[in-house]
Amino acid sequence: MATEADTASIEHPLLTDGFLQRRNYQLQLAESATGTHTLVCLPTGLGKTTVSLLVTADRLNDAGGKALFLAPTKPLVQQHADFYREALEMDDDEIVVFTGDTPPEDRAALWGDARIVIATPQVVENDLVGNRISLADVTHLTFDECHRATGDYAYVYIAERYHADATDPLVTGMSASPGGDLEEIEIVCENLGIENVEVMTEEDADVAEYTHDTDVRWEEVTLPEEIIEMRDALNEVIKDRLQKLKSLGVTNSTNPDLSQKELNKMRGELKKMMDNDQSDGYKGMSTHAEVMKLRRAVELVETQSVESVRRYFERQREAARSSGASKASQRLVADPKVREAMRIADSYDGLHPKFSQTRILLAETLGINEGERAIVFTESRDTAEALVDFLSASFDVNKFVGQGDKEGSDGMTQTQQQDTLDAFRAGEFEVLVSTSVAEEGLDVPEVDLVLFYEPVPTAIRSIQRKGRTGRQAEGQVVVLMAEDTRDEAFFWIARRREKQMHQELADLKASTDDIEDEITDDDQTGLDAFDDGNGSDGGAGESAGDDEPAGASEPAASDEATESVGADGGSETQPGLTDFEAEAKSSGDDENGESDGSEIDDADGDEDAADEDAADEDDADEEGVVATAGVDEGVEVVVDQRELDSNIARDLSKRDELTTRLETLAVGDYVLSDRVAVERKAAADFVDSLLDGDRSMFEQVGELSRGYSRPVVVVEGADLYNQRNVNPNAIRGALASLAVDFGMSVLRTEDEEDTAELLETIARREQETRDREVSVHGEKTTKTLGEQQEYVVSSIADIGPVTARSLLEHFGTVEEVMTATEDELEDVDGVGQVTAERIRNVVGSDYE
């Protein structure tokens, strides 16, 4: 029974009266999280967001500043924003939402006025790299679903910037399932700068009052003969392809049930053969692709539905008929046994036994037991849609899938997703059939039954799905398994991993002191990475404003000695190598050693690989990104938006006295001054661009050389001559042509870190030593008439080259663009209301 204290509401100057029920365990967690950087582990549905909100309210009331709340998807962001606006006594416009749907120029203005920003991490990452926002006055930063903070995920970069930039930082990480073992949890803590771990489980007395028993049972189904026949035919083809790979020496097995780990190892061996220019490697890689396609078909046959494999085969047939079809696709659909499996699938008019079992279980829950709502989870969107069609005859049912469109299947918009959940909560329908998009944190209503259409081999996802039941009353979870299939393997993997995670959380709860010692060890990437050198540990309440990033490795002096020296052997304006070395040391020694975690493997890789419908992970800005104004001091590097796929921009943005700015550049990837622009090519991309008939390397550098008097091509990677079986002399010829025919400086770097060092060195040399300014339009004027017209239009309100071409193609002349009304401008593809207003404001306003 809840105590009298628990039934009362929480009182606080910033909280809406009577809105939040007083739960002692939430208050205990919030108190701990207010004192230091804390990971909060709490079962799904028990109010992790409330804990973070209490910390935010306390920090804003006591320390001022603003709060930033990060969540991995747009629906989650909107859900949290709605909750915060209801729970907090502040104007709604003080709580703002940042997603890729919010224009960058609007975000810069909204950030300044907001007290709380709730955002997807990719957008905040872009704004930090582009110098649009500052984390200096953020007094509380929340990472929702913080188990994602591994590898190159945006959380890692944002956390590093926050601890380095914020004056009074405080981090709260939240997850129901932070990792599969202590090492994974330690990595998350290190990456987020967390020094305290608070764990509460359903066994804790305070939490147990708000949870109920969840009955978990497993239902086995037997496959009919036709489905087994399809599976066996496909497995015969897999055996044949594995035999071919065995003859190449990359595997010793022809068992069609070999693990994904073994397949990945096989692929690695084939890649080595390709790197050594062995033709068998390319043939083997094509055969490996066939095996992967066939295994996916077998998985659909065994565990999903005949309809899903039918759709899959049709997509393979279309792919084989398309122009540029791969040999793997063509061989696949031409194989007699595959065609036999296709024939069986096309003629089969029965149901996969999981379909009928799903209907029985729903009838039992919603009919006999008078339940109100149920969720059916499946890995496949094809299966989700087939289930909706099948179940609609007996129940009120709707689907819930991600935003991305798949082949033959439209995704759901954010509005459609929200409307579907609202209708489900309101009881307008009783069964929600969902892909994995509803697993993680999304406020799916309490249900009487969670049905797993297939076992989930990842403990994190299994726990999150089960979290949808048992919050308010007893509920049940049912997992369907097809007998003698990979379902059984996934079942045992899931049980083992889930048991392991429960044990790890128990161990974590019992050994938080050891964890804290480990994550602050000198050999780890803990808070010591952000230490200001004055004894501060970077915790809440201590200033981190004077933090200095670790020093940079000394750049190679010889890389930039490209300008000719006068006849007398020297010049006051042309430093020699000795002078340059001293210059490089004085300007570069403080810029290295900051890890962004890219060397850490993604702990949730197996989850991501199977997660077909996890929407909004890649919440990047749309074309036409504008930059903020230039910097008054220090060095500036302009970065093309598309370069955010690499770590270079993030690396540069963390360096002392160096500012990055994002633009959609017409030419080049980086602009370092009014005369230096850089086209960066990884070794593989460099060779690809030589073979690309649509837009060759020489076309790109031609445009670069017309815009800038000192164009540079950086070729990144040590294996340039081992790409795509291209004769090394052909590559050498291309390099010679770039240097001799196009006047390009061609520089080689080892990796992204080396490239970042080189870019900084050139930028400092240009802007500090030579006192040159940055100009995205360059200094040369030898443009064609069309290029000059595009230049003029693209400079209006920084609308960018693509939109400039659209405007000119629509109106015909620069003059017509300048005199067009807002309504006329909005008729142009790619020009919305905000851009039209901006153009008219620039063109029609009085000069000040």
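Everything in this summary refers to the structure shown in the same document. Predicted model only: the values in this text are computed from it and were never measured. (Residues numbered from 1 in each chain as written. Predicted model: local features only at pLDDT ≥ 70, side-chain atom pairs only at ≥ 80, totals over all residues. Heavy atoms only, no water.)

Quick word on the pattern of salt bridges
Next up, step 1: Under the definition given, this model contains 44 salt bridges.
Next up, step 2: Between Arg217 and Glu219 there is a salt bridge; the shortest N-O distance is 2.9 Å.
Next up, step 3: According to the relative accessible area criterion, Arg217 is partly exposed, its value standing at 22%.
Next up, step 4: A salt bridge links Asp335 to Arg241; the nearest nitrogen and oxygen atoms lie 3.1 Å apart. Placement of the pair is Asp335 in the loop between α14 (327–334) and α15 (336–347) and Arg241 in helix α10 (residues 225–247), with a sequence separation of 94 residues.
Next up, step 5: For Asp335, a relative accessible area of 14% gives the class buried.
Next up, step 6: Taken together, the shared-partner salt bridges in this structure form one network comprising Asp651, Arg655, Glu757, Glu760, Arg764 and Glu768. (Salt bridge = Lys/Arg side-chain N within 4 Å of Asp/Glu carboxyl O. Buried < 20%, exposed > 50% of the residue type's maximum accessible area, 1.4 Å probe, protein only. Helix = DSSP H or I, 4+ residues; strand = E, 2+ residues; numbered from the N terminus.)

A word on the pairing of strand β18 (residues 712–716)
Next up, step 1: For β18, a buried count of 5 out of 5 residues is recorded, marking the element as mostly surrounded by other parts of the structure.
Next up, step 2: Residues Val712, Val714 and Glu716 line one face of β18 and the alternating positions Val713 and Val715 line the opposite face, and both faces are buried.
Next up, step 3: Examined bridge by bridge, strand β17 (residues 677–682) and β18 share 5 bridges and lie parallel to one another. By the bridge assignment for β18, Glu679 is matched with Val713.
Next up, step 4: Two strands pair when backbone bridges link them, and β18 and strand β19 (residues 745–749) are joined in this way by 5 bridges, in the parallel orientation. Within β19, the position partnered with Val712 by the bridge is Ser745. (Pairing = 2+ DSSP bridges.)

Brief notes about the sheet that holds strand β16 (residues 670–671)
Next up, step 1: Taken in spatial order, the 6 strands line up as β15-β14-β16-β17-β18-β19 in an open sheet, and their pairing is mixed. Each of the sheet's edge strands pairs with one partner strand only, and the pair in question is β15 (658–663) and β19.
Next up, step 2: As paired elements, strand β14 (residues 635–640) and β15 share 6 bridges and run parallel to each other. Counterpart to Val638 in the pairing with β15 is Arg661.
Next up, step 3: Helix α26 (residues 697–707) rests against β17 and β18 of the sheet, and its axis sits at about 165° to β17. (Contact = heavy atoms within 4.5 Å. Axes fitted to C-alpha atoms, helices over the stretch in contact; angles between N-to-C directions.)

Looking at the packing of aromatic side chains
Next up, step 1: As enumerated under the stated definition, the model contains 11 aromatic pairs in all.
Next up, step 2: Considering the side-chain rings of Phe424 and Phe429, the 5.0 Å spacing of their centres and the 20° angle between planes classify their relative orientation as stacked. Comparing Phe424 with Phe429 shows no difference in burial state: the two are buried.
Next up, step 3: Linked through ring pairs, Phe19, Phe69, Phe83 and Tyr84 together constitute an aromatic cluster.
Next up, step 4: Here Lys354 stacks its cationic end above the ring of Tyr453, 5.0 Å away from the centre of that ring.
Next up, step 5: Geometry around Phe424 places Arg373 over its ring, the cationic atom sitting 5.9 Å from the centre. (Phe/Tyr/Trp six-rings, centres within 6.5 Å; stacked < 30°, edge-to-face > 60°. Lys NZ or Arg CZ within 6 Å of the ring centre and 35° of its normal.)

Focus on the state of the cysteines
Next up, step 1: Here the structure, examined in full by the defined rule, presents 0 disulfides.
Next up, step 2: Cys41 carries a free sulfur, and the closest cysteine sulfur to it, the one in Cys146, is 6.8 Å from it.
Next up, step 3: With relative accessibility at 2%, the residue Cys41 sits in the buried group.
Next up, step 4: With no disulfide partner, Cys189 has as its closest neighbouring cysteine sulfur the one in Cys146, 7.5 Å distant. (Disulfide = S-S within 2.5 Å.)

Let's talk about the sheet that holds strand β4 (residues 116–119)
Next up, step 1: Across the sheet, 7 strands lie side by side as β3-β4-β2-β5-β6-β1-β7; this open sheet has parallel pairing. Edge strands, defined here as strands with exactly one partner in the open sheet, are β3 (95–98) and β7 (196–199). Across the sheet, the axes of successive neighbouring strands diverge by a mean angle of 15°, strand direction being ignored.
Next up, step 2: Bridge count between β3 and β4: 4 bridges; the pairing is parallel. What sits directly across from Val97, in β4, is Ile118.

A closer look at the nonpolar core
Next up, step 1: By size, the foremost hydrophobic cluster in this structure holds 59 residues, and its most contacted members are Leu68, Leu70, Phe143, Ile158, Leu192 and Leu672.
Next up, step 2: No other element matches the 7 residues that helix α7 (residues 154–165) contributes to this core.
Next up, step 3: Discounting chain neighbours no more than four positions away, the residues touching Ile158 are Leu70, Pro121, Val124, Glu125, Leu128, Leu135, Leu141 and Phe143.
Next up, step 4: Leu234, Val237, Leu242 and Leu263 belong to the second largest nonpolar core, which has 38 residues in total. (Core = buried A, V, L, I, M, F, W, Y, C linked by side-chain atoms within 4.5 Å.)

Here we look at the packing of α10 against α15
Next up, step 1: Between α10 and α15, the shortest axis-to-axis distance is 8 Å and the interhelical angle comes to 160°. One finds that α10 runs roughly antiparallel with respect to α15. Once α10 is placed against α15, the crossing between them reads as left-handed. Residue-level inspection shows Glu226, Glu229, Met230, Ala233, Leu234, Glu236 and Val237 of α10 in contact with α15, the latter providing Lys337, Val338, Glu340, Ala341, Ile344 and Ala345.
Next up, step 2: In terms of residue class, the contact of α10 with α15 is made up of 8 nonpolar, no polar and 5 charged. (Parallel < 35°, antiparallel > 145°, perpendicular 65-115°, else oblique. Left-handed = near helix turned anticlockwise from the far one by under 90°. Nonpolar A, V, L, I, M, F, W, Y, C, P; charged D, E, K, R; others polar.)

What about a negative patch on the surface?
Next up, step 1: Taken together, the side chains of Glu815, Glu816, Glu822, Asp823, Glu824, Glu826, Asp827 and Glu837 define an acidic patch exposed on the protein surface.
Next up, step 2: Where the negative patch is concerned, the elements lending two or more residues are α31 (814–819) and α32 (822–826).
Next up, step 3: Broken down by element, the negative patch gets its largest block of residues, 4 residues, from α32.
Next up, step 4: Residue position: Glu822 is located in helix α32. (Patch = residues over 30% accessible without salt bridge, like charges linked within 9 Å, V, L, I, M, F, W, Y side chains within 5 Å. Areas by Shrake-Rupley, 256 points an atom, 1.4 Å probe, with all protein chains shown as cover. Lys, Arg positive; Asp, Glu negative; His and termini not counted. Charge placed at Lys NZ, Arg CZ, Asp CG, Glu CD.)

Everything listed is a geometric property; what it means functionally is a separate question.
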